[in-house]
Amino acid sequence: MVDLATKSLLHDRLRFVITVSGVAFAVTLVFVQVGLFLGLLDNASVTIDHISADLWVTSRNTPNVDFAHTFPETSVQRVRSVPGVARADNLIVWFMTVNLPSGAQEGTLVYALDDFRRWNIPWNVESGDLDDLKRGQYFFLDGSAVKRYGPFAPGEYREILGQRMKIIGRTKDARSFTTTPISFMDFDRAQKLSSQQLTNRTTYILVKLAPGADVAAARAEIARRLPYNDVYTRKEWATRSRNYWVQSTGIGLNMYITVFLGCLVGIVVVAQTLYTSTMEHLKEFGTVKAIGGGNLDIYRILGKQAAIAAVAGFLLGALMSFAMRPVIAKIDLKLIITPQFAAIVFVGSILMCLGAAMISFRKVASIDPALVFRG
Amino acid sequence: MKVLEGFEVTKEFREGRAEVVPVLKGVSLALERGEIVSLEGPSGSGKTTLLSILGCILTPSSGRVVVDGEEIDPGRPGQLPAIRRKSIGFVFQQFNLFPSLTALENVEYALNVKGSKGAAARREAERVLEAVDLSDRKDFLPRDLSGGQKQRIAIARALAGTAPILLADEPTANLDSHIGAQVLELFRALAKKEDRALLIVTHDPKVRSIADRVLRIRDGQIAADGLAA
């Protein structure tokens, strides 16, 4: 079977390059914008995703993990006695001020626990021993702090809320949505540092359920015993934290607008080039009709050309997006491109190009085969 | 045996909202298998419109057309492509080859459209290219061929398959007289050899030399129908 669609498409190489570039531009825009968006959202819930808690108890209406409110630390006792609960511990997430050697002040988001190892946080320790946190005025600091604090190394000191604290370890990949560096310290140490707000208080209770425990029943019982708190599953809490940023800032809208504009540009470029190509090949399509072909034969040609442009444009766009990842990582941003996301963009590219080809379909349907007799 | 017949064929076009322009005014004609007919007439006499109707590209306003035993129903325009695929081969003044396809592929694609696929289509395309003496140019793109060679490919494309009717619109108009004569002679020989009816619309008096019969059309009516000199 002679492949008129492919041969005709590749015959005019410049037009083909322009069409593919248009699709690639749209694909790159979508990959980068949505990838960055997903990267930012990943930061918004990265600690929730890694902490091995089945349920989170929060103060009532806490909007996201970074903006915590306190409640009595003794609430944890009521949780520990709930049937199905294997373990429950207090977690403090609290914003504290850091004095830097330069004299500047910065913020840090402190995660304070009694036993970090039990809850898989921090999950990526580059140096230091978490057990040492209990032995003095010590803390771990995430490597991402370098950008805000300048270079640091374990063994150095920083002032947190006016107290001289020693950095005894360094972690990796623990970031907050606001880019405030995350530090880790002992639960009691955090309470002492911010004694006015945190004495006998906590901000969360992490709950691990026994194997086979009824999640809904345990959750309902905790909610019954702590009527002034909220109880979320890990997934719900991560979603709530992410949604807060999507809804309360413009990033969600910004992403949707950029994706819309990217698709619009892609559709316009593809539609324009395919339509111009159709107009220039009207006589050829007239010939197809004259030798017995129908509109369907020509739709197939245009559809195949659109699909080829979509696949080539997608591959080029994906290649460019992946090539940008190391560059984006250098400025401490994450570009997340999951296989599912890539599959959606691929299908979207095909639909975008086929949609653009529909404009040409209308023209083709009106071709009079008698035009083949015109000089 | 008649393979193409028209009975009292009329065709009117509407210009603007009200004005009706009659182009064909009751044309009747018939072509036998293996017969070569030249259709002559001045510009605007209705030659190309008649060719379009006989070639099942247009439907008549009134009258009947029978193609290879099948009567055209003006109420079923969807029937026309199938008849074109089965019964008609076209040769155009401008050749109308696909510029991105080689000579062989141009012929093979037409066979694909007509329903012949794969090796059978390839063999048939090679056969007709050999018949027009262009086997050595089968892998050339149209841009690399001369006008005469392009028209020979167009003839091969029309001959490919088993269509009993060949319709040609000014096939020598874009060729110099020497090449035009060669192409006409080739066309005549192949049409006769393969027992196809051939109707050639032309201004070129040389066409008479290969025709069995000459039809003259004037103002939408057959003015003369006689044997070629």
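Throughout this document, residue positions are counted from 1 along each chain, in the order its sequence is written. Ligands are numbered from 1 and chains lettered from A, in the order in which they are written. Since the coordinates come from a predicted model, pLDDT governs what is reported: local features require at least 70, and pairs of side-chain atoms require 80 or more to be given and counted, while whole-chain, interface and lining totals use all residues.

## As for the overall build of chain B
Link 1 in the chain: Helix and strand content of chain B: 6 helices and 10 strands.
Link 2 in the chain: Relative to the 2.2 N^0.38 estimate, which gives 17 Å for 229 residues, the radius of gyration of chain B is 17 Å and therefore close to what a compact globule would have.
Link 3 in the chain: To assign burial, the other C-beta atoms lying within 10 Å of each residue's own C-beta are counted, with C-beta atoms placed from the backbone; 20 or more indicates buried, 12 or fewer indicates exposed, and intermediate counts indicate partly exposed. Counting over 229 residues, chain B shows a buried share of 49%.
Link 4 in the chain: Contacts spanning at least 24 positions in sequence make up 70% of the contacts within chain B whose residues lie at least 6 apart. Helix numbers and strand numbers start at the N terminus; a helix is a DSSP run of H or I with at least 4 residues, a strand a run of E with at least 2. Radius of gyration here is computed from C-alpha atoms only, and the compact-globule reference equals 2.2 Å multiplied by the residue count raised to the power 0.38. Placing a C-beta atom from the backbone of each residue, one calls two residues in contact when those atoms lie within 7 Å.

## A closer look at the overall build of chain A
Link 1 in the chain: Scanning chain A from terminus to terminus reveals 12 helices and 12 strands.
Link 2 in the chain: Relative to a compact globule of 375 residues, whose C-alpha radius of gyration would be 21 Å, chain A shows 29 Å and is clearly more extended.
Link 3 in the chain: Projecting the C-alpha coordinates of chain A onto the three principal axes gives extents of approximately 95 × 50 × 35 Å.
Link 4 in the chain: When each of the 375 residues of chain A is scored for burial, the buried share is 42%.

## Description of the sheet that holds strand β7 (residues 165–169) of chain B
Residues and elements named next belong to chain B.
Link 1 in the chain: Spatially, 6 strands are ordered β6-β7-β8-β3-β9-β10 in an open sheet, and the strand pairing comes out mixed. The outermost strands of the open sheet, each flanked by one partner alone, are β6 (88–91) and β10 (221–227). With direction set aside, neighbouring strand axes in the sheet form an average angle of 20°.
Link 2 in the chain: Two strands qualify as a pair provided DSSP detects at least 2 bridges between them. The pairing of strand β3 (residues 36–40) with strand β8 (residues 197–202) spans 5 bridges and is classified as parallel. Bridge assignment links isoleucine 36 to a residue of β8, and that residue is leucine 198.
Link 3 in the chain: Only C-alpha atoms enter the line fits that serve as axes; for helices the fit covers just the stretch in contact. Angles between N-to-C directions range over 0 to 180 degrees. Packed on one face of the sheet, helix α5 (residues 147–159) meets β6 and β7 and runs near 170° to β6.

## What to know about the pairing of β8(B)
Put simply, side chains in a regular strand alternate between the two faces of the sheet.
All names here are of chain B.
Link 1 in the chain: The buried fraction of β8 amounts to 6 of the 6 residues, a majority that puts the element mostly inside the structure.
Link 2 in the chain: With burial as the criterion, each face of β8 is covered, one bearing Ala197, Leu199 and Val201 and the other bearing Leu198, Ile200 and Thr202.
Link 3 in the chain: Judged from the 5 bridges that link them, β7 and β8 form a sheet pairing that is parallel. Bridged to aspartate 169 within β8 is valine 201.
Link 4 in the chain: Handedness of the crossover joining β7 and β8 through helix α6 (residues 177–193): right-handed. Here the term right-handed applies to a crossover when the path leading from its first strand over the helix to its second strand runs clockwise, the strands being oriented away from the viewer.

## Structural notes on the sheet that holds strand β5 (residues 70–71) of chain B
Residue and element names in this part refer to chain B.
Link 1 in the chain: Taken in spatial order, the 4 strands line up as β2-β1-β4-β5 in an open sheet, and their pairing is antiparallel. A strand with exactly one partner marks an edge of an open sheet, and here the two such strands are β2 (19–32) and β5.
Link 2 in the chain: Packing of helix α1 (residues 47–54) onto the sheet brings it into contact with β1 (2–15), β2 and β4 (62–67), and relative to β1 it is tilted by some 125°.

## Considerations on the packing of helix α9 (residues 251–280) of chain A against helix α12 (residues 339–365) of chain A
In a pair of packed helices, the angle between the axes and the distance between the axes together describe the arrangement.
All names here are of chain A.
Link 1 in the chain: In contact at an axis separation of 8 Å, α9 and α12 are set at 35° when each is read in the N-to-C sense. Here α9 and α12 pass one another in a crossing that is right-handed. Contacts between α9 and α12 involve Cys263, Gly266, Ile267, Val270, Ala271, Leu274, Tyr275 and Thr278 from the first element and Met352, Cys353, Gly355, Ala356, Ala357, Ile359, Ser360, Lys363 and Val364 from the second.
Link 2 in the chain: Across the contact of α9 with α12, the residue classes tally to 12 nonpolar, 4 polar and 1 charged. Two helices that cross are described as forming a left-handed crossing if the nearer one is turned anticlockwise from the farther one by less than a right angle, and a right-handed crossing if clockwise. Gly falls in the polar group here, along with every residue not listed as nonpolar (Ala, Val, Leu, Ile, Met, Phe, Trp, Tyr, Cys, Pro) or charged (Asp, Glu, Lys, Arg).

## Section: helix α2 (residues 80–87) of chain B
Link 1 in the chain: Restricting attention to buried positions, one finds in α2(B) the residues B:Leu80, B:Pro81, B:Arg84 and B:Ser87. Along the axis of α2(B), the buried residues cluster in a sector spanning 160°; they form a single face.
Link 2 in the chain: The elements touched by buried residues of α2(B) are α10 (282–290) of chain A together with β4, β6 and β7 of chain B. This arc is built from the directions going out from the helix axis to the C-beta atoms.

## Here's the deal with the confidence of the model for chain B
Residue and element names in this part refer to chain B.
Link 1 in the chain: pLDDT expresses how confident the predictor is about each individual residue, on a scale running from 0 to 100. Put simply, chain B has an average pLDDT of 90, and 99% of its residues get 70 or more.
Link 2 in the chain: When mean pLDDT is compared element by element in chain B, helix α3 (residues 103–113) scores highest at 95, while β10 scores lowest at 81.
Link 3 in the chain: Both confidence scores are given for the complex: pTM 0.77, ipTM 0.88.

## Some points on the interface of chain B and chain A
Link 1 in the chain: Taken together, the 26 residues of chain B in the interface contact 21 residues of chain A.
Link 2 in the chain: Among the secondary structure elements, those contributing two or more residues to the side of chain B that touches chain A are α1, α2 and α3 of chain B.
Link 3 in the chain: Here the element with the most residues in the side of chain B that touches chain A is α3(B); it accounts for 6 residues.
Link 4 in the chain: Tallied by class, residues from the side of chain B that touches chain A come to 12 nonpolar, 7 polar and 7 charged.

## Brief notes about the nonpolar core
Note that soluble globular proteins tend to have their nonpolar side chains buried in a common cluster.
Link 1 in the chain: Only buried Ala, Val, Leu, Ile, Met, Phe, Trp, Tyr and Cys residues enter a nonpolar core, and they are joined through C-beta atoms within 7 Å. If you look at the biggest cluster of nonpolar residues, it comprises 111 residues, and the most contacted ones within it are A:Val23, A:Val270, B:Val107 and B:Ala156.
Link 2 in the chain: A total of 13 residues in this core trace back to one element, the largest contributor, which is helix α2 (residues 13–50) of chain A.
Link 3 in the chain: When near neighbours in sequence (up to four residues on either side) are disregarded, B:Ala156 contacts B:Val107, B:Val128, B:Leu129, B:Ala131, B:Val132 and B:Leu134.
Link 4 in the chain: The next biggest cluster of nonpolar side chains, apart from the first, holds 54 residues, and it includes A:Val110, A:Met165, A:Leu193 and A:Trp237.

## Quick word on α12(A)
In an α-helix, one turn spans 3.6 residues; hence positions three or four apart end up facing the same way.
All names here are of chain A.
Link 1 in the chain: Between the first and last residue of a helix there are one fewer steps than residues, each counted as 1.5 Å, and that sum is the expected span. Over its 27 residues, α12 runs 38 Å from end to end, which matches the ideal 39 Å to within 8%, given 1.5 Å per residue.
Link 2 in the chain: Along its length, α12 shows its largest kink, about 30°, at isoleucine 359.
Link 3 in the chain: Here α12 has its buried residues at Val345, Ser349, Met352, Cys353, Ala356, Ala357, Ser360 and Val364. To get the bend at a residue, fit one axis to the 7 residues ending there and another to the 7 starting there, then take the angle between the axes.

## What to know about the packing of α2(A) against helix α8 (residues 234–248) of chain A
All names here are of chain A.
Link 1 in the chain: Between α2 and α8, the shortest axis-to-axis distance is 9 Å and the interhelical angle comes to 155°. Here α2 lies roughly antiparallel to α8, going by the angle between them. Regarding α2 and α8, the two cross each other, and that crossing is right-handed. For the pair α2 and α8, the contacting residues are Leu41, Ala44, Ser45, Ile48 and Asp49 in the first and Arg234, Trp237, Ala238, Ser241, Arg242 and Trp245 in the second. What sets the label is the angle itself: under 35 degrees gives roughly parallel, over 145 gives roughly antiparallel, 65 to 115 gives roughly perpendicular, and the rest give oblique.

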